[in-house]
2 protein chains.
Amino acid sequence: MPANSTTAEIVAAMRSAQRIAVVAHVRPDGDAVGSVLGLALSLRALGKDVIAMLEDGVPANLAFLPGTDTVIQPGTEPLGIDLAIALDTATHERVGEKTKALLDAAPLLIDIDHHPANPGYGALNLIVPTEPATGQIIYDLLSGHGLPIDDAVRQNLFIAISTDTGSFQYSSTNARTHRIVAEMMDAGLDTARLAQLIYQSYPVRRLELMRDMLNHMEFRAEGRIVSWQLKQAVMDAAGMQPGDTEGLIDTLRMIDSVVACVIFEDIPGGKVRVSSRSKDSRLDVSAVCAQFGGGGHRMASGARMRGPIEAAADKFLQALEHEVRRID
Amino acid sequence: MPANSTTAEIVAAMRSAQRIAVVAHVRPDGDAVGSVLGLALSLRALGKDVIAMLEDGVPANLAFLPGTDTVIQPGTEPLGIDLAIALDTATHERVGEKTKALLDAAPLLIDIDHHPANPGYGALNLIVPTEPATGQIIYDLLSGHGLPIDDAVRQNLFIAISTDTGSFQYSSTNARTHRIVAEMMDAGLDTARLAQLIYQSYPVRRLELMRDMLNHMEFRAEGRIVSWQLKQAVMDAAGMQPGDTEGLIDTLRMIDSVVACVIFEDIPGGKVRVSSRSKDSRLDVSAVCAQFGGGGHRMASGARMRGPIEAAADKFLQALEHEVRRID
Ligand SMILES: [Mn+2]
Ligand SMILES: [Mn+2]
């Protein structure tokens with residue numbers, strides 16, 4: 001990994017640019033959307049012409065964030081930018097195919113991220129794996145260099161930080177995380193309203209999915225593995241939309257006997273998306289996912305398998321059970 | 001409400017006492033248990049002889065907290081104390097009948113709480129309704145006056161604060177809340193471990209209760225009210241234990257159409273416990289609970305009604321629907 005640039009170099013590059021694209025990874029989560037908009041709104045307040053672009057747009061559960069109406073999806077027209085900034089995106093390809101094609105024309109690329117696997121694919125890089133969220137890196141960058149921070153910027157960066165720390169519960173959360181939120185509250189940010197919008201306003205169809213999960217979850221390996229198959233018919237009946245299943249796996253993770261949980265989900269093309277979580281640091285679910293062409297982190301990993309879903313689940317769970325029994 | 005005592009007066013009373021009982025309310029939650037043990041462990045470190053007493057003992061989901069093995073339930077033997085301290089308990093009676101009988105012999109009673117309805121029933125009172133948790137008041141009391149704070153004290157006070165703020169999501173959370181957690185983390189507290197123990201390790205029987213809730217929840221007033229009746233037969237089948245239902249109502253609160261949610265629960269003596277939540281500041285659920293002899297906060301309130309549960313639910317929901325339609 002190349003050495004990080006200084007934050008001064010990165011801010012200088014932002015200040016000298018005129019037309020800037022800010023992007024993040026495909027299937028964007030709260031940290032991706034919040035970081036892109038937090039930075040984009042600050043740079044706009046600085047007088048820059050900023051394109052906030054996400055390959056897959058903004059998921060419905062994050063549409064409440066200020067500035068989401070200005071997020072565009074990539075077209076084919078060149079962007080005419082003099083700077084591209086990729087946020088929260090571990091590999092350059094993860095910005096999405098169309099987005100990457102447009103960014104390739106930019107004379108300068110900045111890569112800001114907290115994923116430890118990020119190789120530093122920018123001309124300037126700021127990879128800080130000790131931070132729980134890219135939004136936290138952005139906040140410290142803006143506040144450290146006196147870039148504009150208003151309530152809309154705070155809202156976006158708060159959501160980035162809050163979602164990537166599981167509401168301050170994950171081990172990545174640090175003391176600075178809490179101090180940033182305190183600073184934001186001092187400045188008037190209504191964090192309770194944001195928490196309500198992000199954590200406490202699910203469509204009823206999400207509870208229908210959860211109901212199906214609780215009615216059909218399956219245990220094996222003496223309760224140490226729990227899994228659920230989310231089938232197309234259930235998604236259709238519930239009218240499922242992107243974002244609806246986000247965090248459902250955490251409900252399975254909470255079961256005290258469980259060391260590994262898996263959700264299998266029908267996706268287009270007769271394929272199955274596998275999402276797996278480990279609760280025991282000795283159990284590496286990414287190794288199991290790798291057996292099926294997937295990967296990720298030790299404790300959270302995914303794969304795509306050929307359907308039908310029952311057969312995929314059977315194969316994956318056998319491999320997983322083998323690993324679970326090894327840590328006995 | 002009598003004026004608050006100064007924290008200096010309260011700390012002086014603690015310092016001059018030798019044998020101290022620290023108690024909290026019946027059916028103790030995280031703030032009750034965490035505040036009692038946080039203060040008790042600090043006073044023990046100061047050399048005091050401290051009785052940590054809870055009428056109903058420590059619920060299973062909080063048993064991981066350091067010091068819970070020293071918590072006793074009230075007997076009939078006099079305590080021989082020279083100071084009693086009631087924490088997080090809005091009325092003197094709420095410490096429980098047996099506990100109250102034992103406390104009545106104490107020459108001095110201190111009442112520390114954050115419930116706005118607390119009348120200040122102690123000889124010394126510290127009622128701070130702007131704080132999100134009694135645990136936060138205790139932390140500031142200890143740190144402000146140099147009383148002992150070690151990791152065990154921090155663990156208890158962190159759980160008190162984290163649970164009473166819904167992991168920093170409720171509107172009662174303030175900037176000081178986050179700064180306290182940052183201080184605790186600076187001192188080495190492993191908040192992620194505690195969050196995992198309190199939020200991410202539910203017995204499977206809790207998911208069985210959640211499943212029953214999702215299968216039997218009922219909507220009315222165009223989806224603005226959702227309710228669930230937790231019946232004795234379901235509790236028996238799941239092998240329910242105290243603490244298992246804690247937070248279940250939040251899952252109902254999350255539904256975006258909902259402005260009020262209610263759980264009715266069979267309790268001994270043919271009675272029904274009502275727990276209600278409002279999501280709209282114009283809707284005061286404590287006013288509805290007051291119609292049935294209950295009370296609490298505007299946004300979170302409870303009552304006890306005569307069974308059978310179906311009839312109680314019907315009466316309560318009619319009154320609630322009347323209030324919900326008034327805010328249209
Ligand atoms: Mn992230
Ligand atoms: Mn409390």
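Residues numbered from 1 in each chain as written. Chains lettered and ligands numbered in written order. Predicted model: local features only at pLDDT ≥ 70, side-chain atom pairs only at ≥ 80, totals over all residues. Heavy atoms only, no water.

Peer 1: Give me the lowdown on the packing of helix H4 (residues 134-144) of chain B against helix H5 (residues 151-164) of chain B, citing residues and values where you can.
Peer 2: Viewed as axis vectors pointing N to C, H4(B) and H5(B) meet at an angle of 145°, and their least axial separation amounts to 8 Å. Facing H4(B), whose interface residues are Gly135(B), Gln136(B), Ile138(B), Tyr139(B) and Leu142(B), H5(B) presents Val153(B), Leu157(B), Ala160(B) and Ile161(B). (Axes fitted to C-alpha atoms, helices over the stretch in contact; angles between N-to-C directions. Helix = DSSP H or I, 4+ residues; strand = E, 2+ residues; numbered from the N terminus. Contact = heavy atoms within 4.5 Å.)

Peer 1: If you had to explain the packing of aromatic side chains to someone new, which residues and values would you point to?
Peer 2: Residues and elements named next belong to chain A. Considering all chains together, one arrives at seven aromatic pairs over all chains under this definition. When the centroid spacing of 6.3 Å and the interplanar angle of 50° are considered together, the rings of Phe158 and Phe168 count as tilted. With Phe158 in helix H5 (residues 151-164) and Phe168 in the loop between H5 and helix H6 (175-186), the pair connects residues that are ten residues apart, well separated along the chain. We note that Phe158, like Phe168, is buried. Their ring planes at 80° and their centres at 5.8 Å tell us that Phe264 and Phe316 sit as a pair that is edge-to-face. With Phe264 in strand E9 (residues 260-267) and Phe316 in helix H12 (residues 309-326), this pair connects stretches of sequence that are 52 residues apart. As far as the burial class goes, Phe264 and Phe316 line up, both buried. (Phe/Tyr/Trp six-rings, centres within 6.5 Å; stacked < 30°, edge-to-face > 60°. Buried < 20%, exposed > 50% of the residue type's maximum accessible area, 1.4 Å probe, protein only.)

Peer 1: Let's hear about the relation of the copies chain B and chain A: which residues, and what values?
Peer 2: Superposing chain B onto chain A requires a rotation of 180° together with a translation of 0.3 Å along the rotation axis, leaving an RMSD of 0.7 Å. Both copies are brought into coincidence by an operation consistent with a two-fold rotation axis. Residues of chain B ranked by C-alpha distance from the rotation axis are headed by His178(B), positioned 2.6 Å from it. Here 100% of the interface residues in chain B have copies in chain A that are interface residues too; the copies meet face to matching face. (Least-squares fit on C-alpha atoms with pLDDT ≥ 70 in both.)

Peer 1: For the environment of Val26(A), give the residues involved together with the corresponding values.
Peer 2: Residue and element names in this part refer to chain A. The residue Val26 is located in the loop between strand E1 (19-23) and helix H2 (30-45) in this model. Taking relative accessible area as the criterion, Val26 reaches 18% and is therefore assigned buried. Once residues lying within four places of it in the same chain are set aside, the contact partners of Val26 are Glu55, Asp56, Arg94, Val95 and Gly96.

Peer 1: Requested: an account of the domain arrangement of chain A, with residues and values cited.
Peer 2: Quite often, the size of an interface is put as the accessible area lost when its parts meet. Residues and elements named next belong to chain A. Along its sequence, chain A is organised into domain 1 (7-199) and domain 2 (205-326). Relative to domain 2, the C-alpha centre of domain 1 lies at a distance of 29 Å. Domain 1 puts six residues into the contact, and the matching count from domain 2 is seven residues. The contact between domain 1 and domain 2 buries some 470 Å² in all, and 44% of this surface belongs to carbon and sulfur atoms. The interface formed by domain 1 and domain 2 contains zero salt bridges. Applying the counting criterion to the domain 1 and domain 2 interface returns zero residue pairs in polar contact (both at pLDDT 80 or more). (Domains from an automatic or database assignment. Buried area = accessible area lost by both parts, 1.4 Å probe. Salt bridge = Lys/Arg side-chain N within 4 Å of Asp/Glu carboxyl O. Polar contact = N/O pair within 3.5 Å; in protein donor to acceptor, adjacent residues only side chain to side chain.)

Peer 1: Describe the coordination of the manganese ion (ligand 2), listing the residues and the values that go with them.
Peer 2: Residue and element names in this part refer to chain B. The manganese ion (ligand 2) binds to the protein through Asp31 (OD), Asp88 (OD), His114 (NE2) and Asp164 (OD); the donor distances cover 2.1 to 2.3 Å. Sequence positions of the donors to the manganese ion (ligand 2) reduce to the motif D-x56-D-x25-H-x49-D. Linking Asp31 in helix H2 (residues 30-45) with Asp164 in helix H5, this pair joins segments that are 133 residues apart in sequence. Asp164 shares its class with Asp31; the two are buried. (Donors = N, O, S within 2.8 Å, 3.2 Å for Na, K, Ca; no water.)

Peer 1: Summarise the UniProt feature "domain: DHHA1" (unreviewed entry) in chain A; cite the residues concerned and give the values.
Peer 2: As recorded in UniProt, the sites labelled "domain: DHHA1" (unreviewed entry) are residues 237-324 of chain A. Helix makes up 34% of residues 237-324 of chain A and strand 28%, with an end-to-end C-alpha separation of 34 Å. (UniProt positions renumbered as here; feature names shortened; annotations may be inferred.)

Peer 1: Break down the pattern of salt bridges for me, with residues and values.
Peer 2: Residue and element names in this part refer to chain A. Using the criterion set out here, one finds 32 salt bridges over all chains in the structure. Its salt-bridge partner being Asp284, residue Arg298 comes within 3.8 Å of it at the nearest N-O pair. Separated by 14 residues along the polypeptide, Arg298 in the loop between strand E11 (295-296) and strand E12 (300-306) and Asp284 in the loop between strand E10 (271-278) and helix H11 (285-290) bring together distant segments of the chain.

Peer 1: Please set out the sheet that holds strand E11 (residues 295-296) of chain B residue by residue, giving values where relevant.
Peer 2: Residues and elements named next belong to chain B. Reading across the sheet, the six strands line up as E7-E8-E9-E10-E12-E11 and stay open at both edges, with mixed pairing between neighbours. Strands with a single pairing partner mark the edges of an open sheet, and in this sheet they are strand E7 (218-220) and E11. In the sheet, strand E9 (residues 260-267) pairs with strand E10 (residues 271-278) via eight bridges, with the strands oriented antiparallel. Within the sheet, the bridge partner assigned to Ile263 lies in E10 and is Ser275. Sheet strands touched by helix H12 (residues 309-326): E7, strand E8 (225-230), E9, E10 and strand E12 (300-306). Its angle to E9, the strand with the most contacts, is close to 160°. (Pairing = 2+ DSSP bridges.)

Peer 1: Any chance you could break down the confidence of the model for chain A for me, citing the residues and the numbers?
Peer 2: Here chain A averages 94 in pLDDT, and 100% of its residues register 70 or above. Under the prediction, the complex receives an ipTM of 0.85, its pTM being 0.86. (pLDDT = per-residue confidence, 0-100.)

Peer 1: Hey, could you go over the coordination of the manganese ion (ligand 1) for me, with residue numbers and the actual values?
Peer 2: Residue and element names in this part refer to chain A. Coordination of the manganese ion (ligand 1) by the protein comes from Asp31 (OD), Asp88 (OD), His114 (NE2) and Asp164 (OD), over a distance range of 2.1 to 2.3 Å. Of note, the manganese ion (ligand 1) draws all its donor residues from one chain, in the sequence arrangement D-x56-D-x25-H-x49-D. Of this pair, Asp88 sits in the loop between strand E4 (83-87) and helix H3 (97-103) while His114 sits in the loop between strand E5 (109-113) and strand E6 (124-127), and the two are 26 residues apart along the sequence. We note that Asp88, like His114, is buried.

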